[in-house]
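Structural overview
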Amino acid sequence: MSLSEAELLFVKKREQLTKYWPAFAVGILLLLAALACWLWLKTPYLLNPWAVGVALENGTLPEATMALMAVMLPIVMLMFLLFASAVVVLLFVGFCNERRLIQLLRREGANP
């Protein structure tokens, strides 16, 4: 199997990315879990719907907080849509790279 220099660089890059990804992903997940815990404890109205529901039923939720929540809801939804779009784009790029690698390997006679 003889690969061109560009193809060898591509395979080497893919190997490096797949080697480092598990540690990177675990770090990101740990940071997200720490952020969620911190928000749950420090500002429960941002993350805990039950706390908001209880405060609404008891009438203890401040008017300023309700107004802020009403203003922030569209921003949060727009950010969620932007995040979801970014995930789809990144998945598309990842699958395009994988398709390219599979085509490269098939062309060279190796069956993955």
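Predicted model only: the values in this text are computed from it and were never measured. (Residues numbered from 1 in each chain as written. Predicted model: local features only at pLDDT ≥ 70, side-chain atom pairs only at ≥ 80, totals over all residues. Heavy atoms only, no water.)

With 45 residues, helix α4 (residues 63-107) ought to run about 66 Å at 1.5 Å a step, and its terminal C-alpha atoms sit 66 Å apart, in line with that. Bending of α4 peaks at approximately 35° at the position of M72, with proline P74 no more than four residues after it. (Helix = DSSP H or I, 4+ residues; strand = E, 2+ residues; numbered from the N terminus. Expected span 1.5 Å × (residues − 1). Bend = angle between axes of the 7 residues up to and from the residue.)

Another aspect to go through is the packing of aromatic side chains. According to the stated counting rule, one finds one aromatic pair in the structure shown. Centroid distance W21 to F24: 5.9 Å. Interplanar angle 50°. Geometry classified as tilted. A residue pair is termed a helical-turn pair when its members lie 3 or 4 positions apart in one helix, as W21 and F24 do in helix α1 (residues 5-42) at three residues. (Phe/Tyr/Trp six-rings, centres within 6.5 Å; stacked < 30°, edge-to-face > 60°.)

Below, the discussion takes up the pattern of salt bridges. Two side chains that carry opposite charge are able to pair once their charged atoms sit near each other. One pass over the structure, following the stated rule, counts two salt bridges. Close ionic contact of R14 with E98 constitutes a salt bridge, the shortest N to O distance being 1.9 Å. In this pair, R14 is assigned in helix α1 and E98 in helix α4, connecting sequence segments 84 residues apart. For R14, a relative accessible area of 14% gives the class buried. According to the relative accessible area criterion, E98 is partly exposed, its value standing at 28%. (Salt bridge = Lys/Arg side-chain N within 4 Å of Asp/Glu carboxyl O. Buried < 20%, exposed > 50% of the residue type's maximum accessible area, 1.4 Å probe, protein only.)

Approximately 420 Å³ is the volume found for the largest pocket. Forming the walls of the largest pocket are R14, L17, T18, Y20, W21, V87, L90, L91, V93, G94 and N97. Of all elements in the fold, only α1 and α4 reach the threshold of two or more residues within the lining of the largest pocket. With six residues, the top contributor of residues to the lining of the largest pocket is α4. Partitioned by chemical class, the residues of the lining of the largest pocket number seven nonpolar, three polar and one charged. In this structure, the second largest pocket spans a volume of roughly 210 Å³. Along its surface, the second largest pocket is lined by Y45, L46, T65, L68, M69, M72, L73 and V76. Only α2 (44-47) and α4 provide two or more residues apiece to the lining of the second largest pocket. (1 Å grid on protein atoms, 1.4 Å probe; cavity = no way out; pocket = protein on both sides within 12 Å on 5 of 7 lines; lining within 4 Å. Points joined across faces, edges and corners; volume = space filled by probe spheres on them. Nonpolar A, V, L, I, M, F, W, Y, C, P; charged D, E, K, R; others polar.)

At a closest axis distance of 11 Å, the pairing of α1 and α4 adopts a crossing angle of 130°. Of the possible angle classes, the one that applies to α1 and α4 is oblique. For α1 against α4, the interelement crossing comes out left-handed. Residues E7, F10, V11 and R14 of α1 lie in contact with α4, whose contacting residues are N97, E98, R100, L101, L104 and R107. (Axes fitted to C-alpha atoms, helices over the stretch in contact; angles between N-to-C directions. Parallel < 35°, antiparallel > 145°, perpendicular 65-115°, else oblique. Left-handed = near helix turned anticlockwise from the far one by under 90°. Contact = heavy atoms within 4.5 Å.)

The pLDDT averaged across the chain works out to 87; a share of 96% of its residues lies at or above 70. Mean pLDDT across the elements of the chain bottoms out in α2 (87) and peaks in helix α3 (residues 49-58) (91). (pLDDT = per-residue confidence, 0-100.)

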